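# Chain and residue survey
The primary structure of each chain is shown beneath.
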Amino acid sequence: ENFSENARGDSCMIMSIGKKDGSLKLASLERGMGVPILDGKYKGQYDWLTHTFRYGGADLMMREVRECFKVDVERYIRVNFTTFKKGIDSVGGIDINLTAAEVEYLYKYAGRKYAVGINHLDSVAALTYARCRHIDSDWHRIERQRNVIQAVVTKTKDLSVGELNTLLNNVLPLVQTNLTRLEITELLLSAPKYRGVQIKQMTVPISGSYGGMRGLGGRSLFSVDFDTNAKALREFIYGVTTE
């Protein structure tokens, strides 16, 4: 239940909450994107986005996102595997549509037997599913991570206010965040509005907007057209394409 002081931001997502229309938007940022390191001893060199968390924590990672993609990210919520499993347990598990390859993977690495199609996953299986990339790619793993979040949100539509409160009481003490108490209170009060909502999703970088490059330590990075992706991400989040 302790957070590592030497962690990478291995799964980075931007969530946008529409307070007026009750919408949720979730954009995954591919961890292997090459970004210019903006501070610290490696300043000026390029490395994976995931490594910027190790170099400067959530503050540096948010700064990278702000400057590379021109979105107003000022708040973060950090979770680890313990938080993840606690959240899944708090909603009583989730329902996920599994492929044959995913069924085989979950049996091998989680010791759970499932069939192709919709299955009910416990927290161990859900975490294993969300971490799975070896049967295809990291791009598919990103989609699986969003599938888990959508499944949790879908499950909350059947929870009573009391059960929703229990979920939040279980999970909130296990996250790190710079949200203020007032902001958390406002989010808690509006939470029932988002029960079961269908999340709009995207992955950055978008298709056709990246290539390859070498960065710090000779690592292979995705070379990203930041202008194109900033425009696409801003349109996704804000509904506008202007700077």
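Source: prediction; values computed, not measured.

### Quick look at helix H4 (residues 123–131)
Most of H4 is tucked away: seven of the nine residues are buried. By the burial criterion, the buried members of H4 are Ser 123, Ala 125, Ala 126, Leu 127, Thr 128, Tyr 129 and Ala 130. Where H4 is buried, its residues meet helix H2 (81–90), strand S6 (94–98), helix H3 (100–110), strand S7 (117–121) and helix H5 (138–156). Structurally, the start of H4 carries an N-cap: the backbone nitrogen of Val 124 is 3.3 Å from a side-chain oxygen of Asp 122.

### Some details on the packing of H4 against H5
At a closest axis distance of 7 Å, the pairing of H4 and H5 adopts a crossing angle of 145 degrees. Between H4 and H5, the residues in contact are Ala 126, Tyr 129, Ala 130 and Arg 131 and Arg 141, Arg 144, Gln 145, Asn 147 and Val 148, respectively. Each residue belonging to the contact of H4 with H5 can be placed in one class, and the counts come to four nonpolar, two polar and three charged.

### A short note on the pairing of strand S1 (residues 12–18)
Of the two faces of S1, only the one carrying Cys 12, Ile 14, Ser 16 and Gly 18 is buried; Met 13, Met 15 and Ile 17 on the other face are not. Here S1 runs beside strand S2 (residues 23–29); their pairing, made up of seven bridges, is antiparallel. Note that in S2 the partner of Met 15 across the bridge is Leu 26. In this antiparallel pair of consecutive strands, S1 and S2, the connection spans four residues, and Gly 22 shows a positive phi of 70 degrees.

### Here's the deal with the nonpolar core
Judged by nonpolar contacts, the single largest core of 25 residues is most densely connected at Ile 14, Leu 29, Phe 69, Val 71 and Leu 233. Within the residue set of this core, elements represented by two or more residues are S1, S2, helix H1 (49–69), strand S9 (200–204) and helix H8 (226–238). Tallying contributions element by element places H1 first for this core, with eight residues. Apart from residues no more than four positions distant in its own chain, Phe 69 is found in contact with Met 33, Glu 64, Val 204, Phe 226, Asn 229, Ala 230, Leu 233 and Arg 234. Judged by nonpolar contacts, the second largest core, of 19 residues, contains Leu 106, Tyr 114, Tyr 129 and Leu 159.

### Some thoughts on the environment of Gly 18
Inspection of the secondary structure puts Gly 18 in strand S1. The spatial distance from the C-alpha of Gly 18 to the C-alpha of Arg 214 is 38 Å, given a sequence separation of 196 residues. Once residues lying within four places of it in the same chain are set aside, the contact partners of Gly 18 are Ser 23 and Tyr 194.

Cut-off values and rules
- Residues numbered from 1 in each chain as written.
- Predicted model: local features only at pLDDT ≥ 70, side-chain atom pairs only at ≥ 80, totals over all residues.
- Heavy atoms only, no water.
- Buried < 20%, exposed > 50% of the residue type's maximum accessible area, 1.4 Å probe, protein only.
- Helix = DSSP H or I, 4+ residues; strand = E, 2+ residues; numbered from the N terminus.
- Contact = heavy atoms within 4.5 Å.
- Polar contact = N/O pair within 3.5 Å; in protein donor to acceptor, adjacent residues only side chain to side chain.
- Axes fitted to C-alpha atoms, helices over the stretch in contact; angles between N-to-C directions.
- Nonpolar A, V, L, I, M, F, W, Y, C, P; charged D, E, K, R; others polar.
- Pairing = 2+ DSSP bridges.
- Core = buried A, V, L, I, M, F, W, Y, C linked by side-chain atoms within 4.5 Å.

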